[in-house]
Amino acid sequence: MDVNQVYLESVEKLFLYYKTLGEKAMDQLEPDQWFVAFNEDSNSIATIVKHLWGNMLSRWTDFLTSDGEKPWRNRDVEFENDILSQEELLQKWNEGWDCLLSAIRSLRPDQLTQVIYIRNEGHTVMDAINRQLAHYPYHVGQIIYAAKILKKTDWDSLSIPKKRSNQYNETKFSQDKAVKNFTDDELKRLK
């Protein structure tokens, strides 16, 4: 078993898991709720999606061969609320995730120690992946939190629902032990 291949497969599943969590949170809202900012210093879900899109395109386009902070990226504009439709927002969401997943799927295990640059700072490919694997779930968590506040009632839990931990654990422990990525079951549950 090649540990680098296992890592790449695990990373892809984790990115897909967080993409799905974000989508399931946004699906529970009315489209106009995506554009609500709670105050002047907070970002709407739409703004967070726009920032993720800009970051993903910059970081993952020509991932191995050019700096992850592309000259064409304008990060400050990502935080302007200028997207007006759910369709445009979903197009950007999918474009960003498609760029990321395509780059991850193109990597070979022997490339994980190759050095790439983000803002002129060298990272191994593995460090660059880990950096984004910390960054994107941070923002997906913001999307989920905002969605839960905006939804107010009838929230369809994206994790173990409150007061159901014992039931969840009983189900897990009633199954045979197995080695697998936790996202295998979670992605099925979220569909």
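On a predicted model such as this, the values are computed, not experimentally measured, just so you know. (Residues numbered from 1 in each chain as written. Predicted model: local features only at pLDDT ≥ 70, side-chain atom pairs only at ≥ 80, totals over all residues. Heavy atoms only, no water.)

Trainee: Can you help me understand a nonpolar patch on the surface in this one?
Mentor: A cluster of nonpolar side chains, namely Val-36, Phe-38, Tyr-145 and Ile-149, defines an oily patch on the protein surface of about 380 Å² accessible area. Note on placement: Val-36 falls in the loop between helix 1 (3–27) and helix 2 (45–60). (Patch = residues over 30% accessible without salt bridge, like charges linked within 9 Å, V, L, I, M, F, W, Y side chains within 5 Å. Areas by Shrake-Rupley, 256 points an atom, 1.4 Å probe, with all protein chains shown as cover. Salt bridge = Lys/Arg side-chain N within 4 Å of Asp/Glu carboxyl O. Helix = DSSP H or I, 4+ residues; strand = E, 2+ residues; numbered from the N terminus.)

Trainee: Explain helix 2 to me, please; I cannot follow it from the model alone.
Mentor: Owing to its 3.6 residues per turn, the α-helix brings residues three or four apart onto one side. Relative to the 22 Å expected for 16 residues at 1.5 Å per residue, helix 2 spans 22 Å between its end C-alpha atoms, a close match to the ideal helical length. Extensive coverage of helix 2 is indicated by the burial of 16 of its 16 residues. Among the residues trailing helix 2, Asp-62 stands out with phi positive, at a value near 50°. (Expected span 1.5 Å × (residues − 1). Buried < 20%, exposed > 50% of the residue type's maximum accessible area, 1.4 Å probe, protein only.)

Trainee: Hey, could you run me through the nonpolar core in this one?
Mentor: The tendency in soluble globular proteins is for nonpolar side chains to be buried side by side. Formed by 48 residues in total, the largest nonpolar core has its most connected members in Phe-15, Ile-45, Trp-60, Phe-63, Leu-100, Ile-129 and Ile-143. At the level of elements, helix 1, helix 2, helix 3 (86–106), strand 1 (115–118), helix 4 (125–151) and helix 6 (182–190) are the ones that each hand at least two residues to this core. With 11 residues, helix 4 is the single largest residue contributor to this core. Excluding its chain neighbours within four sequence positions, the residues that come into contact with Phe-15 are Trp-60, Trp-97, Leu-100, Leu-101, Ile-104, Ile-129, Gln-132, Leu-133 and Tyr-136. (Core = buried A, V, L, I, M, F, W, Y, C linked by side-chain atoms within 4.5 Å. Contact = heavy atoms within 4.5 Å.)

Trainee: Help me out: how do you make sense of unusual backbone geometry in this one?
Mentor: With the exception of glycine, the majority of residues adopt a negative phi angle, and the majority of peptide bonds are in the trans configuration. Unlike most non-glycine residues, Asn-120 shows phi in positive territory, near 70°. In the Ramachandran plot, Asp-154 falls in the positive-phi region, its phi being about 60° despite a non-glycine side chain. As for its placement among the helices and strands, Asp-154 is situated in the loop between helix 4 and helix 5 (165–173). The exposed category is assigned to Asp-154, whose relative accessible area is 69%.

Trainee: I keep staring at empty space enclosed by the protein and nothing clicks. Help me out?
Mentor: Rolled over the atoms, a probe as big as a water molecule pinpoints where empty space is left. All chains considered together, the criterion is met by one cavity of 30 Å³ or more. Looking at the largest cavity, its volume works out to about 30 Å³. If you trace the largest cavity, you find it lined by Arg-59, Trp-60, Phe-63, Gly-68, Ile-116, Ile-118, Ala-128 and Gln-132. Broken down by secondary-structure element, the contributors of at least two residues to the lining of the largest cavity are helix 2, strand 1 and helix 4. Of the residues contributing to the lining of the largest cavity, the split by class is five nonpolar, two polar and one charged. (1 Å grid on protein atoms, 1.4 Å probe; cavity = no way out; pocket = protein on both sides within 12 Å on 5 of 7 lines; lining within 4 Å. Points joined across faces, edges and corners; volume = space filled by probe spheres on them. Nonpolar A, V, L, I, M, F, W, Y, C, P; charged D, E, K, R; others polar.)

Trainee: Any chance you could explain the environment of Phe-182 here in plain terms?
Mentor: For Phe-182, the location among the structural elements is in helix 6. With a relative accessible area of 45%, Phe-182 lands in the partly exposed category. A C-alpha to C-alpha distance of 33 Å links Phe-182 and Ala-37, two positions 145 residues apart in sequence. In this structure, Phe-182 is in contact with Leu-14 and Tyr-17, ignoring residues within four places of it in sequence.

Trainee: Is there a simple way to think about the packing of aromatic side chains in this case?
Mentor: The geometry of an aromatic ring pair is captured by the separation of the ring centres together with the interplanar angle, meaning the angle of the planes. Tallied over the full model, the rule gives eight aromatic pairs. Look at Trp-97 and Tyr-136: their rings are 6.1 Å apart centre to centre, the planes differ by 65°, and that puts the pair in the edge-to-face class. With Trp-97 in helix 3 and Tyr-136 in helix 4, the pair connects residues that are 39 residues apart, well separated along the chain. In this structure, Trp-97 and Tyr-136 share a single accessibility class: buried. Members of the aromatic cluster, joined through ring pairs, are Phe-15, Trp-60, Phe-63, Trp-93, Trp-97 and Tyr-136. Here the guanidinium or amino end of Lys-92 rests over the ring plane of Trp-53, the centre of that ring lying 3.8 Å away. (Phe/Tyr/Trp six-rings, centres within 6.5 Å; stacked < 30°, edge-to-face > 60°. Lys NZ or Arg CZ within 6 Å of the ring centre and 35° of its normal.)

Trainee: How do you make sense of the pairing of strand 1 when you look at a structure like this?
Mentor: Moving residue by residue along a regular strand, the side chains alternate between the two faces of the sheet. Residue alternation in strand 1 divides its side chains into a buried set, Ile-116 and Ile-118, and an unburied set, Val-115 and Tyr-117. The sheet contact formed by strand 1 and strand 2 (residues 121–124) spans four bridges and is antiparallel. Within strand 2, the residue paired with Ile-116 across the bridge is His-123. (Pairing = 2+ DSSP bridges.)

Trainee: Sorry if this is basic, but what is going on with helix 3 here?
Mentor: Taking 1.5 Å of rise per residue, the 21 residues of helix 3 would be expected to cover 30 Å, and the 30 Å separating its terminal C-alpha atoms lies within 8% of that figure. Those residues of helix 3 that fall on the buried side of the exposure criterion are Leu-89, Lys-92, Trp-93, Gly-96, Trp-97, Cys-99, Leu-100, Leu-101, Ala-103 and Ile-104. Buried positions along helix 3 lie against helix 1, helix 2 and helix 4.

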